[in-house]
Amino acid sequence: MGAERERAAGFGRLDLGLRQASDWYLWGPYLAERQWGTVREDYSPDGEAWTHLPHDHARSRAYRWGEDGLAGFSDVEQRLCLGLALWNGRDPILKERIYGLTGDEGNHGEDAKEYWWFLDAVPSHAWNRWRYHYPHAAFPYEDLRATNAARTRAEPEYELLDTGVFDDDRYWVVEVDYAKADPTDLLMTVRVTNAGPEPETLHVLPQLWYRNTWSWRGEEPDELVGTDDRVRTTHPFLGELELTAEPAPDEFLFCDNETNTDRLYHRPGPRYPKDGIGDHVVEKAATVNPERRGSRCAAWYRLTVPGGATTEIRLRLRPPGGTPTDADEVVALRRAEADEFHAELAPAAASADEAAVLRQAVAGLLWSKQLYSYDVTRWLDGDPDQPPPPPSRLGGRNARWRTFNAFDLMSMPDTWEYPWFAAWDLAFHCVALAHVDPAFAKYQLGLLCREWFQHPNGALPAYEWDFDDVNPPVQAWAALEVFALDGGTDLDFLSRVFDKLLVNFTWWVNREDADGSNLFEGGFMGLDNIGPIDRSHLPPGWRLEQADSTGWMAGYAAAMATMAAILHRSGRRPAVDLVQKFLEHFALIREALDGAELWDDDAGMFHDRITLPDGRSAPVPVRSVVGMIPMLAGGVVGEEGLDRSLVVGKRFARFLQRHGVAEPDALAAAGLLRGPEGERRLLVGVVDGPRVRRLLTALFDEAEFLSPHGLRSMSARHREHPAVLDVGGLHAQVDYEPAESTGPMFGGNSNWRGPVWFPVNALVISALERYHRFYGDELAVEYPTGSGRTLPLDEIAADLRVRLISLFLPGADGRRPCYGAVDRMQTDPRWRENVQFHEYFHGDDGAGLGASHQTGWTGLVVDLIRRRHGAVLPTSEVLQRLAAET
């Protein structure tokens, strides 16, 4: 095992987590790249977080719940932070954080308007690399805002490259490397390259600061003190530390991490406020402390760099005393260890391009670990030493979640657009992270179910904009995937997660099945604007029975039955009754689907069905992944479970008997019950075989769902034939939109009306492999539909993986589909090797869309690449082997 593998193996047990984590996790990239505009910092009466603390205020306001910064590192509880500030001599402010448009400013929702990449990382953060491109010219803040605001949703976004500020290569390439000599000795290397033809001057200001915790508690601030050549500090938890810089900066500047009340509110405030360093550098204001002390400081370098040349500076944060290890040796050693770690991770059969994509995807996942601090009770009621929040807050967002009190490292979907956890996103992050840092992946799934996250009624919080929203319940599927990827041995993890998900499953049954029909609602379900109506906000008295919610719940029941069976067979705990419980639920849902009007035989697909107060109902005739979700629900029932079900004689037994399972020997002869006597298994699905084939026919049709780069979220048939809903005076329609949404629903920046999304593709691949594991090559279908070529399901799953991976790989023309028509990204040597992992992808050409650093579920490319080349066994095979061994 390499050095990094040994460090990563020490993350900590699920119940202790960070308290028992390896010391190597003390420092890491735990800052967001946008704390402004988040719900946590919103104390407005109307809940408009983006306008309550906009980008213009970010430089002047002390945050309450976290910090942000460029290339930021901090300790594990974000007490002390290290990050980068830049000034090109022309901007009106320091460049201290990524700029982007708010939801109302962007013509397709909120959107970061900068170019930066996460190039490398290892789980312990002993080695991290970050890259940013910064124009020589004044950053076009107002141009980006005004031009996008003037554009309609039918027009493309106006991007930073479109402004011309990178023309003639007049920009800076800024790279930041972090390397640890030991757990408490952190080196920060900043390299700036002048990409332009002529000498230019760049002000580089690495910053060290304390998160402001004192203002909310009535305490004395933490302090940094400058001496002749370094900055010193003493902290009750971190101990004594000193910051040194090489070469020596022009000077150290100090201010206080306190709100500039004079600038924002025209009220007297601190003499050296949070933006004091920026005002001093940009405006030569007397806003830095001449006594060289404060809670925020910067090492100020004025670097004049010839065209094409590179200049490097290095900072070191460590306890004082002793002889530090040579910095060059530390950097070389950590880089070599990272190379070794990623060489082990990349399958031998992977191409060099695949290995590079894998490494950058891992970097994005690891750079997206952030401290998430949010005490909802304190947020609702306010801090004792601060003005009380407006009364409207007590009945507004997240008011029902007073038990929620998070203070932990979490995997975020994105460091700018989504710098907060999201429940169903997190499940997919964990599958990717399990390849890299399985202990952290297990910790994340367990954390979501802890008492201070999960509601007492069993609900899991969706995401901070609305904890009450309902996301697909994919946590049990993810737990099984992570369990299998980790070798299928950590029964303690499986048992602990199972117990909490049992409570959540019960919440679903009690709260999201309004009439007890076993046809589930849920509303939003994470699919945003997939239909013609807002599924979370129906007219009073209207009810929507959702094909996807019902399918998700059938899959939930099947996964829980599998988990219970593993725990029972292993001897970890008696759970045969729980296996029976979930098989009963599975049968109830199957019966409900069989008897409901959600299946459209003419369309060969499931549809949602809307019911009006007067009892009239109508289908929502959209050909989308909503109609495919029920097909994903299936599971293998062992012979012990079959026998027990038949003896008990309840609903699952009647379900089995209707399908001929009361005669196991006959089923075995027909090939439906497989395995040696006493260990035979039956694959049961919530959708029967003929309907599965009908669904797969549509799913694998290139004129409908199958694109060159994966499965679309909506059928391309709706391009020419929109889906129309006309019921109860409501008229709405939905078209196939392969790129950004042209409608305003959910802010317009989340489009499930045609683009390719990784999570659903991953679940389809998982289901195909599960079916193939049972039936083998005996079950084959035409792929693509109409091609005349019949393939077994494992080969189809493999092809879907290739299509998704190809989004990031240079094709025969040397162009990466994810970068679309952006020529600089495709051809410029300084840009083309840096990969971004977008939120979703154009349904026709594969161009990246949405958030540009959504390395969360798009990070599933890690799983896809490793599985493509056989680096890990299929989950179904691991679970079957485990069953055989027990």
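Nothing here was measured: the structure is a model prediction, and the numbers come from that model. (Residues numbered from 1 in each chain as written. Predicted model: local features only at pLDDT ≥ 70, side-chain atom pairs only at ≥ 80, totals over all residues. Heavy atoms only, no water.)

Caption draft 1: Focus on the packing of helix α7 (residues 327-345) against helix α8 (residues 352-367). One way to put it is that α7 packs onto α8 with a least axis distance of 10 Å and a crossing angle of 115°. One finds that α7 runs roughly perpendicular with respect to α8. Every pair of crossing elements has a handedness; the one defined by α7 and α8 is right-handed. Across from Ala338, Asp339, His342 and Leu345 in α7, the residues of α8 making contact are Leu358, Arg359 and Val362. (Axes fitted to C-alpha atoms, helices over the stretch in contact; angles between N-to-C directions. Helix = DSSP H or I, 4+ residues; strand = E, 2+ residues; numbered from the N terminus. Parallel < 35°, antiparallel > 145°, perpendicular 65-115°, else oblique. Left-handed = near helix turned anticlockwise from the far one by under 90°. Contact = heavy atoms within 4.5 Å.)

Caption draft 2: Fine view of the side chain of Arg803. Within the secondary structure, Arg803 sits in helix α21 (residues 793-805). Arg803 gets classed as buried once you look at its relative accessible area, which sits at 13%. For Arg803, the side chain forms a polar contact with the side chain of Tyr783, separated by 3.3 Å. (Buried < 20%, exposed > 50% of the residue type's maximum accessible area, 1.4 Å probe, protein only. Polar contact = N/O pair within 3.5 Å; in protein donor to acceptor, adjacent residues only side chain to side chain.)

Caption draft 3: Layout of the packing of aromatic side chains. Taken as a whole and assessed by the stated rule, the structure comprises 50 aromatic pairs. Ring geometry for Phe404 and Phe467: centres 4.5 Å apart, planes at 45°, overall tilted. Taken together, the residues Phe404 in the loop between α9 (376-381) and β19 (405-411) and Phe467 in the loop between α11 (438-448) and α12 (475-485) connect sequence positions 63 residues apart. Residue classification places Phe404 among the buried positions, given a relative accessible area of 0%. (Phe/Tyr/Trp six-rings, centres within 6.5 Å; stacked < 30°, edge-to-face > 60°.)

Caption draft 4: Highlighting the packing of α21 against helix α23 (residues 861-868). One way to put it is that α21 packs onto α23 with a least axis distance of 10 Å and a crossing angle of 130°. Judged by the angle between their axes, α21 and α23 are oblique. Taken as a pair, α21 and α23 cross one another with a handedness that is left-handed. For the pair formed by α21 and α23, the contact residues are Arg801, Val802, Leu804 and Ile805 on the first element and Val861, Leu864, Ile865, Arg867 and Arg868 on the second.

Caption draft 5: Region of the structure containing the pattern of salt bridges. Applying the stated criterion across every chain yields a total of 70 salt bridges. The closest approach of N and O atoms between Arg7 and Glu4, which form a salt bridge, is 3.2 Å. Of the two residues, Arg7 and Glu4 both sit in helix α1 (residues 3-8), three residues apart, roughly one turn of that helix. Among the salt bridges present, the one from Glu312 reaches Arg314, with a minimum N-O distance of 3.4 Å. Judged by its relative accessible area of 37%, Glu312 falls in the partly exposed class. Owing to a relative accessible area of 15%, Arg314 belongs among the buried residues under this scheme. Connected via shared salt-bridge partners are Arg129, Arg131, Glu175, Asp177, Arg191 and Arg335. (Salt bridge = Lys/Arg side-chain N within 4 Å of Asp/Glu carboxyl O.)

Caption draft 6: Focus on unusual backbone geometry. The omega angle of the peptide bond from Glu246 to Pro247 is -5°, so this bond is cis rather than trans. Put simply, Tyr783 and Pro784 share a cis peptide bond, and its omega is -15°. With respect to the secondary-structure elements, Pro784 resides in the loop between β32 (780-782) and β33 (790-792). Positive phi values are uncommon outside glycine, yet Arg292 reaches one of about 55°. In this structure Arg292 comes out as partly exposed when scored by relative accessible area, which is 24%.

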